[in-house]
Amino acid sequence: PLLHLLIALFAGSPDHIVEGFSNIQMLLFPSTLLAYWYFFRTLFPPAHAYISLLVLSMEYMFSLGCLMGLPSSLVNLLWPLILVAILKKKTYLATVYLAIAFYTHTGIPMLIGLCLLILGIWKRDLLRSVLITIVGALILSIPWTLRYYVFADWMHTSGSQGFSLASIVTRLLWLQIINPI
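Residues numbered from 1 in each chain as written. Predicted model: local features only at pLDDT ≥ 70, side-chain atom pairs only at ≥ 80, totals over all residues. Heavy atoms only, no water.

A few words on the pattern of salt bridges. With the rule as written, the count across this model stands at one salt bridge. In this structure, the salt-bridge partner of D125 is K89, at a minimum N-O distance of 3.7 Å. Of this pair, D125 sits in the loop between α7 (108-122) and α8 (127-140) while K89 sits in the loop between α5 (71-87) and α6 (91-102), placing them 36 residues apart in sequence. A residue is classified by how much of its surface remains accessible, and D125, at 55% relative accessible area, is exposed. (Salt bridge = Lys/Arg side-chain N within 4 Å of Asp/Glu carboxyl O. Helix = DSSP H or I, 4+ residues; strand = E, 2+ residues; numbered from the N terminus. Buried < 20%, exposed > 50% of the residue type's maximum accessible area, 1.4 Å probe, protein only.)

The structure is reproduced here in structure tokens:
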């Protein structure tokens, strides 16, 4: 629901919903690049951060998703902020960012949680902060998760055929890593 709230905020009135979304589209790509710049500057010297940002901005699906204003792009904007908050031991800020991500997209926050868990296992000094962040975000997202549960019959892909071979191939083709198109 976060994207819809942002559209309403930027629209100002129900008559300007399209303009509200256009404003989000216009601001999302530079905002996401700014968030990644902040993350890269936390890790690297300025020249390396700039080159990293350039390489990231040339990635087609990343840029296209941001320019289209997809909900997953809002999570892409939050991901570097979550990482910086974890690295700087600002656990509560990371928890809020991850909870906001859960209110934005269904699947990507779960992947972020998995990545954070791997980071915490790899860097043991971050494990406590990572666990607090993940558990806290899950607790904060309980209302939205319950809504998913209540309306579970609506939450399916069109043309899903259970666990048939066609269904598995269709779902794999949605993954950009596997899809050659």
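We now examine the packing of helix α2 (residues 17-43) against α5. Between two packed helices, what matters for the description is the angle formed by their axes and the separation of those axes. In contact at an axis separation of 9 Å, α2 and α5 are set at 20° when each is read in the N-to-C sense. Classified by the angle their axes make, α2 and α5 are roughly parallel. Our pair here, α2 against α5, has a crossing hand that is left-handed. Across the interface between the two elements, L28, S31, T32, A35, Y36, Y38, F39, T42 and L43 of α2 pack against S73, L74, N76, L77, W79, P80, L81, L83, V84 and L87 of α5. Looking at the contact of α2 with α5 residue by residue, the class counts come to 14 nonpolar, five polar and no charged. (Axes fitted to C-alpha atoms, helices over the stretch in contact; angles between N-to-C directions. Parallel < 35°, antiparallel > 145°, perpendicular 65-115°, else oblique. Left-handed = near helix turned anticlockwise from the far one by under 90°. Contact = heavy atoms within 4.5 Å. Nonpolar A, V, L, I, M, F, W, Y, C, P; charged D, E, K, R; others polar.)

This brings us to the packing of aromatic side chains. Applying the stated criterion across every chain yields a total of five aromatic pairs. With 6.4 Å between their ring centres and 40° between their planes, Y103 and W144 make a pair best called tilted. In this pair, Y103 is assigned in the loop between α6 and α7 and W144 in helix α9 (residues 142-150), connecting sequence segments 41 residues apart. Given the relative accessible area of 23%, Y103 is considered partly exposed. Connected via pairs of aromatic rings, a cluster forms that spans Y36, F39, F40, F44 and F62. If you follow K123 out to its NZ or CZ, it ends over the ring of W122, 4.8 Å from the centre. (Phe/Tyr/Trp six-rings, centres within 6.5 Å; stacked < 30°, edge-to-face > 60°. Lys NZ or Arg CZ within 6 Å of the ring centre and 35° of its normal.)

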